[in-house]
Protein chains: 2
Amino acid sequence: MSTVELAVSSPLKRFREIISQIKQYEEILGVVYWDMRTGAPRKGIELRSEAVGALSSETFKLSTSSELGELLAKLNEPEIQAELSEIDRRLVEESTKEYERNRKIPPELHREYVVLTSQAESAWEEAKENNDFAGFVPYLEKIVAINRRFIELWGVKSTPYDTLLDMYEPGLTTVELDRLFGELRARLVPLAEQIANAKDKPDTSFLEGTFDKEAQKTFSKLILKEMGYDFEAGRLDESVHPFATGLSIGDVRITTRYLTDDITSALFGTIHEGGHALYEQNIDPELARTTLSTGTSMGIHESQSRLWENMVGRSLGFWKRYLPDLKAHFPGQLDNVTAEQFYRGINVVQPSLIRIEADELTYNLHIMIRYEIEKMLFNEDLNPRDLPEVWNKKYSEALGITPSTDSEGVLQDVHWSGGAFGYFPSYSLGNMYGAQMVDVARREIPDLDDQIASGQLLPLKEWLTKQVYQYGKLLQPAEIIERISGKPLQSSYLCDYLENKYREIYRL
Amino acid sequence: MSTVELAVSSPLKRFREIISQIKQYEEILGVVYWDMRTGAPRKGIELRSEAVGALSSETFKLSTSSELGELLAKLNEPEIQAELSEIDRRLVEESTKEYERNRKIPPELHREYVVLTSQAESAWEEAKENNDFAGFVPYLEKIVAINRRFIELWGVKSTPYDTLLDMYEPGLTTVELDRLFGELRARLVPLAEQIANAKDKPDTSFLEGTFDKEAQKTFSKLILKEMGYDFEAGRLDESVHPFATGLSIGDVRITTRYLTDDITSALFGTIHEGGHALYEQNIDPELARTTLSTGTSMGIHESQSRLWENMVGRSLGFWKRYLPDLKAHFPGQLDNVTAEQFYRGINVVQPSLIRIEADELTYNLHIMIRYEIEKMLFNEDLNPRDLPEVWNKKYSEALGITPSTDSEGVLQDVHWSGGAFGYFPSYSLGNMYGAQMVDVARREIPDLDDQIASGQLLPLKEWLTKQVYQYGKLLQPAEIIERISGKPLQSSYLCDYLENKYREIYRL
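Model, not experiment: these values are computed from the prediction.

K.L.:
Break down the confidence of the model for chain A for me, citing the residues and quoting the values.
P.N.:
Summarising the model, chain A shows a mean pLDDT of 96, and 99% of its residues fall at 70 or more. Across the whole predicted complex the pTM is 0.94, and at the interface the ipTM reaches 0.93.

K.L.:
An account of the relation of the copies chain B and chain A is requested, with residue identities and associated values reported.
P.N.:
Once turned by 180 degrees and shifted 0.0 Å along the axis, chain B lies on chain A with an RMSD of 0.0 Å. Here the symmetry operator amounts to a two-fold rotation axis. Mapped onto chain A, 100% of the interface residues of chain B are again interface residues, and the two copies thus contact each other with one and the same surface.

K.L.:
Quick rundown of the UniProt feature "active site" (unreviewed entry) in chain A? Include the residues and the values.
P.N.:
All names here are of chain A. Those places that UniProt annotates as "active site" (unreviewed entry) correspond, in this numbering, to Glu273. Tracing the sequence through the fold places glutamate 273 in helix α11 (residues 263-281). Contact partners of glutamate 273, with chain neighbours within four places excluded, come to Pro242, Phe243, Ala244, Ile254 and Thr255. For glutamate 273, the side chain forms a polar contact with the main-chain nitrogen of alanine 244, separated by 3.1 Å.

K.L.:
How would you summarise the pattern of salt bridges if you had to cite specific residues and measurements?
P.N.:
Oppositely charged side chains can form a pair if their charged atoms are brought close together. Under the definition given, this model contains 92 salt bridges over all chains. One salt bridge in this structure joins arginine 253 of chain B and aspartate 35 of chain A, with 2.7 Å as the shortest N-O distance. With arginine 253 of chain B in strand β3 (residues 251-256) and aspartate 35 of chain A in helix α1 (residues 3-38), the pair connects residues from two separate chains. Each of the two residues, arginine 253 of chain B as well as aspartate 35 of chain A, counts as buried. Lysine 217 of chain B is paired through a salt bridge with glutamate 214 of chain B; the nearest N and O atoms lie 3.6 Å apart. Linking lysine 217 of chain B with glutamate 214 of chain B, this pair stays in helix α10 (residues 213-227), spanning three residues, or about one helical turn. For lysine 217 of chain B, a relative accessible area of 24% corresponds to the partly exposed category. Owing to a relative accessible area of 47%, glutamate 214 of chain B belongs among the partly exposed residues under this scheme. When salt bridges that share partners are traced, they join Glu27, Asp251 and Arg253 of chain A together with Asp35 and Arg48 of chain B into one network.

K.L.:
I'd love a proper account of unusual backbone geometry, names of residues and values included.
P.N.:
Despite not being glycine, arginine 289 of chain A shows a phi value in the positive range, around 70 degrees. Considering the arrangement of structural elements, one finds arginine 289 of chain A in the loop between α11 and α12 (298-312). Here the phi dihedral of aspartate 381 of chain B falls at roughly 55 degrees; this positive angle occurs in a residue that is not glycine. Within the fold, aspartate 381 of chain B resides in the loop between α15 (363-379) and α16 (387-399).

K.L.:
Which residues make up the sheet that holds β3 of chain B, and what values do they have?
P.N.:
Residues and elements named next belong to chain B. The three strands lie next to each other as β1-β3-β2, forming an open sheet whose pairing is mixed. The sheet is open, and its two edges are formed by β1 (236-238) and β2 (244-248), each paired on a single side. Averaged over neighbouring strand pairs, the angle between their axes works out to 30 degrees when direction is ignored. Relative to β3, β1 runs parallel, the two sharing three bridges. Across the sheet, the residue bridging to aspartate 237 is threonine 255, located in β3.

K.L.:
Please set out the pairing of strand β3 (residues 251-256) of chain A residue by residue, giving values where relevant.
P.N.:
Residue and element names in this part refer to chain A. Taking burial as the measure, the six residues of β3 include six buried ones, the bulk of the element. Of the pairings in the sheet, the one linking strand β2 (residues 244-248) to β3 comprises four bridges and is antiparallel in character. Its bridge partner being in β3, glycine 246 is matched across the sheet by valine 252. Adjacent in sequence and paired antiparallel, β2 and β3 are bridged by two residues.

Definitions and limits used
Residues numbered from 1 in each chain as written. Chains lettered and ligands numbered in written order. Predicted model: local features only at pLDDT ≥ 70, side-chain atom pairs only at ≥ 80, totals over all residues. Heavy atoms only, no water. pLDDT = per-residue confidence, 0-100. Least-squares fit on C-alpha atoms with pLDDT ≥ 70 in both. Contact = heavy atoms within 4.5 Å. UniProt positions renumbered as here; feature names shortened; annotations may be inferred. Helix = DSSP H or I, 4+ residues; strand = E, 2+ residues; numbered from the N terminus. Polar contact = N/O pair within 3.5 Å; in protein donor to acceptor, adjacent residues only side chain to side chain. Salt bridge = Lys/Arg side-chain N within 4 Å of Asp/Glu carboxyl O. Buried < 20%, exposed > 50% of the residue type's maximum accessible area, 1.4 Å probe, protein only. Pairing = 2+ DSSP bridges. Axes fitted to C-alpha atoms, helices over the stretch in contact; angles between N-to-C directions.

Given below as structure tokens:
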């Protein structure tokens, strides 16, 4: 070993040990969160939240220790940087960012926040079930207040909300997002109007009825298998709010929600979460035991869920192949429906109240509403207590409909109970990233549509693994999209895709 | 505050913080173990085991820290002891014992052991499934070797195996256990012989057949509810080897195993684990956040599982009340069976290979075999590789039958894969404790049998809560049985109970 090699190896070894321990604790906390959301007994929640708080604090301590700080200072020296592998260099970069960010938060505040958000999720569930926004307000006020404090501590970027945005999509700003969302609005609102005036509307009557829950489960599993989801490295459960959680590359779990009066909820929910899971299951095992073995940003993550859900799962080819299977699961219920009819039916555009049930087109309007409200909360000091009023007004303006209860309005989403302000834009970013990726995929896999129509979903999965999944957090979101398409993120691909799709469906 | 009060309050506060953190980490590890046994994906096991190792190490560090040692030294000073509450005094006593015990184990050895036993459980499951004892030997050898090392470090009591026994039943010795088991053998073996020669044998033909799994689930839940098991503070799942786990007083989980060709497996397995769970759910909430909020010993724990399983669940009165419900769950399958016939059928005595399926009488012989083998492993250096031979020989001698595969022989139990040597005797101790307790309960609740026969199981649960459950680890096992019966543990109550029961059933 050279002198430099020696100078590298010892701090690097210790640094990797600490990172590995942080990753291990995060994995264990992930198991506990999964458990809390999939059926942990009610009476244990209070103590469990405290326990989660204790372990989160320990993890936080590890990630802010002076020892880690000294190791990072050493590993950031130019002479040593030059000796690091690509993975180690990126790990040092990412850890330094996290370290600097976390060091600004007092440990007691961090612990308070963890316990608070852990309890708030149960409170939100109860509030949603009982249409009791007032019961949720005390939690929400505290969560917003602590987030405002975090922003002060981290430092306000051009606006306070920019500081939050950057957490989910590194480098993204409200200026950029205002522009992208402006472009989307400029093309999608007129499209939505054309559709509203269209004469030839899809028939959706066959989607009504009662669909056996066990059959929905079996079909969900079948589709996940077809997508290449590895059931030996994951499992499918039920929860109030569907989610995917990558505990490790070998354990990436999905939940879904079965509604007997709506077959599409579990169907597209499962494919959506399955897309997240494919990403996490196919990260290069070299990244295991590091904090790089996860998705690179929430926008890229949602690009995968939304791509599989919509560009694959709501495509005509997909239903040419899988409608017969679906019919076999619900004998007598869909007998006279053709693939074309089914495709048109599941793509009906209809302003609606619930984001996760929205069509591909108006979905983006749901996101913009949340984005605007979040900006008001953090840039204009909107009082959380006033959220229902603002929410209902915006829905009425943008979609022409108003929630009759808070449960189907401001209480519908879990995100804010966990403090995930700045997350919602990821979904529309995901739609844009996904459309831009598929544009390239279509050129590189010329028979992509035929493949999907014949049930060959794995080549697309392999292509995405090569382009996106394998890298985990090794590449930044901007690098990913640049490498694939040679361009930064643009809104035009999504607009083109939606215009083409809906002009055909609505015969405009 | 007086000077002494001040001298107490500060170290006591910090001591309770550390204990609370240990308890919280144990709770979280409990969730992860539960998850690993109830369906965690196979490909995640390796990393998960490492993560469990990391958190266990941290817990171990907490429980052996010099800070804790200094606090305990302080809190053990006579002047300060006098000021402590009963709970704190017992907590200090228990923690001091644990501290002294743990300090003797090198942290690296502890970590190695945790990772090893965590992986060994999966290896055992695979070995059992494939009847591959050889595949399990490497794990078993390492586990035994480390346990031998632990014994050296802790210090050999009168024999090496005594050191292990004391861990599960504080104060118990091989001398005492040899005597108790000798007494049991002297009365139960002749009873078993009389039964073997009896002419009037119970009919068990109605237990044959195929029993719908979903109906078994529903009935299991019904019985648990009747016992007073709180489903808001627990849940029922499935696992290869049934178990109960008290994560906190508000979250005590049970698993069971449904066999479609054997209705008794889930039935009595569920009641057994339900008994464990009643214990943990009914500990005084004052003990929450301390390491006293668990059962006081494995013997007392098993007394509750075995008492509910056998003295309640296999009693005539119980089936007078619940057979109609059982029949309703399996329409047409048990129509012509009377409560008396059912009672006799489920109490048939039949030498068999599988411990958890054994009748109440020969069950104790299964335990004695394991006890003798464990003594050979640790007091006579028996090589783990030779276990199948020794096992089969002992079964042939004691029960007159020989396993045809290791899966139904030496591989049948999970315990050794987790290193739980010294645990098995707890089951027969439990049978003895239970019989001695019920002897008193019958006198204090004169109409106990009538209550059970009318489905009033809650008064017995309340009596046991008052006598046993509420105390958690606040009282020692010897104190519990002395307080209840005014005597130390004796074998005669169990022998009397079994003789009475079986003389009636077999009309001897």
